[in-house]
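# Report on the structure
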Amino acid sequence: QLPALASNVISFKVYMREVAPSSVFDAGHVVSVPFLEYAYLPDNTQFEFKFEALTGVGWTPSSPITIAETLDSTSPTGVVVDYLSAQCAINVSWAPPTTQPLNYRLFLNDLNGQVAPSVRTTTGPETFYLINECSRGATFAISAQALYPNDVA
C-alpha cells in the first residue's frame with residue numbers, strides 16, 4: 001500500500017540524472033502518487049533523484065538529492081589495484097557480486113604496449129589476484145568478470 005499524501009499535496013515532480021560528468025537532471029515526471037518506478041536502467045550505474053511537491057500554493061522547494069545505484073548481481077565491482085614496487089607486481093582485488101561465481105576472469109591490457117594483452121583466470125571464488133609478470137613503466141587497464149557454471153571458459 002502506498003503512503004498517504006499530505007492533505008495539501010496535489011502531485012509530485014520527480015527528477016533523475018546519471019551521476020556522470022556534465023549530466024543534468026531530466027525535465028521531471030509529474031505523478032499523482034508518491035511512487036515512480038524507472039525500468040531498464042543500466043546496471044552498475046549511480047543515479048541522483050530529487051522531487052518537488054505541488055500544493056495549493058505552488059511547488060515546494062526541491063528535496064535533498066538522493067543517490068541510488070543499480071547493481072548487476074552477477075558482476076564484480078570496485079576493482080582496486082595496488083602496485084608492489086619491490087617485486088614489480090600488481091595485486092588486484094574486487095568486491096564480489098551478490099551471486100557467488102565459480103571463479104573470475106581478469107583482462108589485462110597494457111596501455112603503453114610494453115606487455116601483450118592477456119587474460120588470467122582465478123582458481124576459485126577468491127576476490128584477489130597477484131600479477132607478478134609486469135614490466136616497469138607499464139600502465140594496465142584491468143577489468144574482472146565473474147564466471148558461472150554455464151559460462152564458456
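First things first, this report covers the structure right here in the doc. (Residues numbered from 1 in each chain as written. Predicted model: local features only at pLDDT ≥ 70, side-chain atom pairs only at ≥ 80, totals over all residues. Heavy atoms only, no water.)

## Quick notes on the overall build of the protein chain
- For the protein chain, the helix and strand inventory stands at zero helices and eleven strands.
- Reading the secondary structure of the protein chain in the N-to-C direction produces β-β-β-β-β-β-β-β-β-β-β.
- Within the span of the protein chain, comprising 153 residues, buried residues form 28% of the whole. (Helix = DSSP H or I, 4+ residues; strand = E, 2+ residues; numbered from the N terminus. Buried < 20%, exposed > 50% of the residue type's maximum accessible area, 1.4 Å probe, protein only.)

## Section: the environment of V79
- Tracing the backbone shows V79 in strand 6 (residues 77-84).
- Taking the C-alpha atoms as reference points, V79 and P96, separated by 17 residues in sequence, lie 9.7 Å from one another.
- Excluding its chain neighbours within four sequence positions, the residues that come into contact with V79 are V92, S93, W94, I142 and A144. (Contact = heavy atoms within 4.5 Å.)

## Concerning the nonpolar core
- Counting twelve residues, the largest nonpolar core is built from I90, V92, W94, Y104, L106, L108, I131, F140, I142, A144, A146 and Y148.
- Residue assignment for this core shows that the elements contributing at least two residues are strand 7 (89-95), strand 8 (103-110) and strand 11 (140-147).
- For this core, the element with the highest residue contribution is strand 11, accounting for four residues.
- Counting residues in each nonpolar core, the second largest holds five residues, with F12, V14, V31 and A53 among its members. (Core = buried A, V, L, I, M, F, W, Y, C linked by side-chain atoms within 4.5 Å.)

## Observations concerning the sheet that holds strand 8
- If you trace the three strands from one edge of the open sheet to the other, you get 9-8-11, paired in antiparallel fashion. Bordering the open sheet on either side are strand 9 (118-121) and strand 11, each of which pairs with just one other strand. Each neighbouring strand pair of the sheet contributes to a mean axis angle of 20 degrees, computed without reference to strand direction. (Pairing = 2+ DSSP bridges. Axes fitted to C-alpha atoms, helices over the stretch in contact; angles between N-to-C directions.)

## Examining unusual backbone geometry
- Backbone geometry at S22 places phi at a positive 60 degrees, although glycine is not the residue there.
- Relative to the helices and strands, S22 resides in the loop between strand 1 (9-18) and strand 2 (29-31).
- In this structure S22 comes out as exposed when scored by relative accessible area, which is 76%.

## Overview of the packing of aromatic side chains
- Applying the stated criterion across every chain, the model contains two aromatic pairs.
- For the pair F12 and F51, a centre-to-centre distance of 5.9 Å together with 75 degrees between the ring planes defines the contact as edge-to-face. Remark: F51 occurs in strand 3 (residues 45-55) and F12 occurs in strand 1; sequence separation between them is 39 residues.
- With relative accessibility at 12%, the residue F12 sits in the buried group.
- Between W94 and Y104, the aromatic rings sit 5.0 Å apart at their centres with planes inclined by 70 degrees, giving edge-to-face as the arrangement. (Phe/Tyr/Trp six-rings, centres within 6.5 Å; stacked < 30°, edge-to-face > 60°.)

## Concerning the pattern of salt bridges
- A complete count under the given rule lists one salt bridge for this structure.
- A salt bridge links E48 to R17, with the nearest nitrogen and oxygen atoms 2.5 Å apart. Taken as a pair, E48 in strand 3 and R17 in strand 1 lie far apart in primary sequence, 31 residues in all. (Salt bridge = Lys/Arg side-chain N within 4 Å of Asp/Glu carboxyl O.)

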